[in-house]
Amino acid sequence: ELKLKSVDEKRSNFEKRLYGGSITNPKELSAIEKEIKILKGQQSELDGRTLELYDLVEDLRRKAADARSAVARLEVKLNEDLARDAAERATLETRIAELNAKRQAAIISVTDKAILARYEAIRKRSGNTAMAKVVDGKCEACHVAVTTFAIRELVAGKNYVFCESCGRILMLDNE
């Protein structure tokens, strides 16, 4: 717009000189007419470019408004998800507290203190998972094949059987 205003001022100054009667030289009059014609062409180009930019600005404003509304929707969804996750977390923490209380009660009833000590050591070493199921002949924790002797011992149920790879206490998958 600034360029357009500048070109328009130049053109109007040349027209004042041309039609003001102060110039009588035909060559100078011809040069001024050519200059006015060139400035009108520049003015036309600048007008076209200005209109293109206005259209572009309107399109970008519309896209920005759409993006703002999408962000607002996502923020609402995020807040809903965060609230749901907080509620679920509170429920899970309550459940963990209940299960820990049950665990403490169960620990008291264990008579074999040696296996309890080994269980606690395995649990501490392996990240709270001291037992593993045997599924399809493999330890579910480390996925290493369990020997047939160990599986027979589990079926008999007379002794505790430990995984040879990860050391967890094994149990059969009775499902």
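Look a little higher up for the structure.
Draft legend 1. Summary view of the sheet that holds strand S2 (residues 138-139). What the 3 strands build is an open sheet, ordered S2-S1-S3; its pairing is mixed. Two strands bound the open sheet, and with one partner strand each, they are S2 and strand S3 (169-172). As defined by bridge partners, strand S1 (residues 131-135) adjoins S2 across 2 bridges and the pair is classed as antiparallel. When the bridges of S2 are listed, valine 135 appears paired with lysine 138. Running at roughly 65° to S3, helix H4 (residues 148-156) makes contact with S1 and S3 of the sheet.

Draft legend 2. Here's a closer look at the environment of serine 165. Here serine 165 shows up in the loop between H4 and S3. Linking serine 165 and valine 144, residues 21 residues apart in sequence, is a C-alpha distance of 6.8 Å. Those residues in contact with serine 165 that lie beyond four places of it in its chain are Cys142 and Val144.

Draft legend 3. Region of interest: a nonpolar patch on the surface. On the surface, Leu53, Leu56 and Leu60 cluster together to form a nonpolar patch covering roughly 250 Å² of accessible area. Among the structural elements, leucine 60 can be located in helix H2 (residues 26-109). A residue is classified by how much of its surface remains accessible, and leucine 60, at 48% relative accessible area, is partly exposed.

Draft legend 4. View of the layout of surface pockets. The volume enclosed by the largest pocket comes to roughly 240 Å³. Of all the elements in the fold, those that place two or more residues in the lining of the largest pocket are H2 and helix H3 (113-125). Within the lining of the largest pocket, the residues separate by chemical class into 9 nonpolar, no polar and 1 charged.

Draft legend 5. View of the nonpolar core. In terms of nonpolar packing, the biggest core is built from 10 residues, these being Ala132, Val134, Cys139, Val146, Ala150, Leu154, Val161, Cys163, Cys166 and Leu170. Only S1 and H4 provide two or more residues apiece to this core. Not counting the four nearest positions on each side in its chain, alanine 132 is found in contact with Cys139, Glu140, Ala141, Arg168, Ile169, Leu170 and Met171.

Conventions adopted
Residues numbered from 1 in each chain as written. Predicted model: local features only at pLDDT ≥ 70, side-chain atom pairs only at ≥ 80, totals over all residues. Heavy atoms only, no water. Pairing = 2+ DSSP bridges. Helix = DSSP H or I, 4+ residues; strand = E, 2+ residues; numbered from the N terminus. Contact = heavy atoms within 4.5 Å. Axes fitted to C-alpha atoms, helices over the stretch in contact; angles between N-to-C directions. Patch = residues over 30% accessible without salt bridge, like charges linked within 9 Å, V, L, I, M, F, W, Y side chains within 5 Å. Areas by Shrake-Rupley, 256 points an atom, 1.4 Å probe, with all protein chains shown as cover. Salt bridge = Lys/Arg side-chain N within 4 Å of Asp/Glu carboxyl O. Buried < 20%, exposed > 50% of the residue type's maximum accessible area, 1.4 Å probe, protein only. 1 Å grid on protein atoms, 1.4 Å probe; cavity = no way out; pocket = protein on both sides within 12 Å on 5 of 7 lines; lining within 4 Å. Points joined across faces, edges and corners; volume = space filled by probe spheres on them. Nonpolar A, V, L, I, M, F, W, Y, C, P; charged D, E, K, R; others polar. Core = buried A, V, L, I, M, F, W, Y, C linked by side-chain atoms within 4.5 Å.

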